[in-house]
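Spelled out, the chains give:
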Amino acid sequence: MGDLRVGMARNEGSVEASRLRTLIGVEGVSKAYGQGKERVSALVDVSLEVEPGELFAIVGPSGCGKSTLLDLIAGFASPDEGRVLVHGEEVVGPDSGRVLIFQEHGLLPWRSALANVELGLEVQGVSRVDRRRKAREWLRLMGLEDFAHKKAHELSGGMRQRVNIARALAVDPEILLMDEPFGAVDALTRLRLQDELLSLRRKGEKTIVLVTHDIEEALYLGDRVAVMTERPGRLSTVIRVELSEPRNRTSTEFMRLRERVMEEFRLLPDRPAPEYLI
């Protein structure tokens, strides 16, 4: 009996240790939209954990529920079944500690880059002097200090997305949720923005959940990569990316991991690999 109690105590301790390592917990989440014959299942029984300070990437075909999962974590939607936890507390709505960045920048066209970065701080009630100082600092970190007074239409697509990211980071969220954040920019700008995201992550303790359909982007940025099935979205597997820094997209190890993710799609039951993965 004594051995049993010791075993139970150890198990309870490991469960508690796991909880301490978990910042975001998604537990058996399902979500559908519409009514009757129009009802479409987006997610089915998805469970995953994201650790503090981790960059957790999610890949999957278009329409597999990746964006829906981000909406649930952000608190913009509620699951039909299951629950989403942050710090062990159930998510019941949006919170300033969780910021969602979309593919489209969403800048206010009548505001300058500086004023756009100030927006979240303004909503938080930060004084004009302090929010102006913080906004200028984030524009400097994003390499945009010389464009502070330019309107959105005067900036390139990559610049607008950097302003968008600066606006999100200025409010100092604990969790950054990114939905295809580099999908609307050209290939070269995309590579630069990926490196800037890694640089910013190293400077501050942010937990990032990144949704993308780009396998190379997920492996280049992520500590772990979750692979989702086609709709209705289910979690197929989570792969830990153990590559040395800085990561080399042409290395044998990188290509081997890329093939492993692609193979995961091929192994999904009764589903051929999507064309963009071939």
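Residue indices follow the written sequence of each chain, beginning from 1 at its first position. Only residues with pLDDT of at least 70 get local features here, since the model is predicted, and only at 80 or more are side-chain atom pairs given and counted; chain-wide, interface and lining totals rely on the full set of residues. To get the side-chain values, take all heavy atoms of the structure and skip hydrogens and water.

(A) Quick peek at the overall build of the chain. For helices the rule is a DSSP run of H or I covering at least 4 residues; for strands it is a run of E covering at least 2, with both sets numbered from the N terminus onward. From N to C terminus, the chain includes eight helices and 10 strands. Three exposure classes are used, based on accessible area relative to the maximum for each residue type with a 1.4 Å probe and protein chains only: buried under 20%, partly exposed in between, and exposed over 50%. Taken across its 278 residues, the chain has 48% of its residues classed as buried. Here a residue-residue contact requires only that any non-hydrogen atoms of the pair lie within 4.5 Å. In the chain, 67% of the contacts between residues at least 6 apart in sequence involve partners at least 24 apart.

(B) Local environment of the pairing of strand β8 (residues 207-212). Burial within β8 is extensive, with six of its six residues counted as buried. Burial along β8 is two-sided: the residues T207, V209 and V211 and I208, L210 and T212 are all buried. Across five bridges, strand β7 (residues 175-179) lies against β8 in parallel orientation. By the bridge assignment for β8, M178 is matched with L210. A pair of strands is treated as paired once DSSP finds two or more bridges between them.

(C) Spatial organisation of the side chain of T207. In this fold, T207 is placed in strand β8. The class of T207 is buried, set by a relative accessible area of 3%.

(D) Fine view of the pattern of salt bridges. Each salt bridge in this description consists of a side-chain nitrogen of Lys or Arg and a carboxyl oxygen of Asp or Glu lying within 4 Å of one another. Counting across every chain of the model gives 16 salt bridges. D130 serves as the salt-bridge partner of R133, at 3.8 Å between the closest nitrogen and oxygen. Of this pair, R133 and D130 both sit in helix α4 (residues 128-141), three residues apart, which is roughly one turn of that helix. The shortest N-O distance in the salt bridge between E137 and R140 comes to 2.6 Å. A residue pair is termed a helical-turn pair when its members lie 3 or 4 positions apart in one helix, as E137 and R140 do in helix α4 at three residues. The exposure class assigned to R140 is partly exposed, which follows from its relative accessible area of 40%. The network of salt bridges with shared partners includes K31, R39 and D80.

(E) View of the packing of helix α3 (residues 113-123) against helix α5 (residues 157-170). Fitted lines through C-alpha atoms serve as axes, helices being fitted only where they are in contact, and the angles separating the N-to-C directions of these axes extend from 0 to 180 degrees. For the pair α3 and α5, interaxial distance at closest approach is 7 Å and the crossing angle is 30°. In terms of axis orientation, α3 runs roughly parallel to α5. Seen from above, α3 lies across α5 with right-handed handedness. Residues A113, N116, V117, L119 and L121 of α3 form the contact with α5, whose own contacting residues are V163, A166, R167 and A170. Roughly parallel covers angles under 35 degrees, roughly antiparallel covers those over 145, roughly perpendicular covers 65 to 115, and oblique covers all other angles. Note on convention: near helix rotated counterclockwise from far helix by under a right angle means a left-handed crossing. Clockwise means right-handed.

(F) Quick look at the side chain of K206. Within the secondary structure layout, K206 lies in the loop between α6 (187-203) and β8. At a separation of 2.5 Å, a polar atom in the side chain of K206 contacts the side chain of D172. Discounting chain neighbours no more than four positions away, the residues touching K206 are G53, E54, L169, D172, P173, E174 and R201. We define a polar contact as two N or O atoms separated by no more than 3.5 Å, with the added condition that, inside protein, one atom must be a possible hydrogen donor and the other a possible acceptor, whereas residues neighbouring each other in sequence contribute only through side-chain atom pairs.

The values are spatial; any link to function lies outside them.
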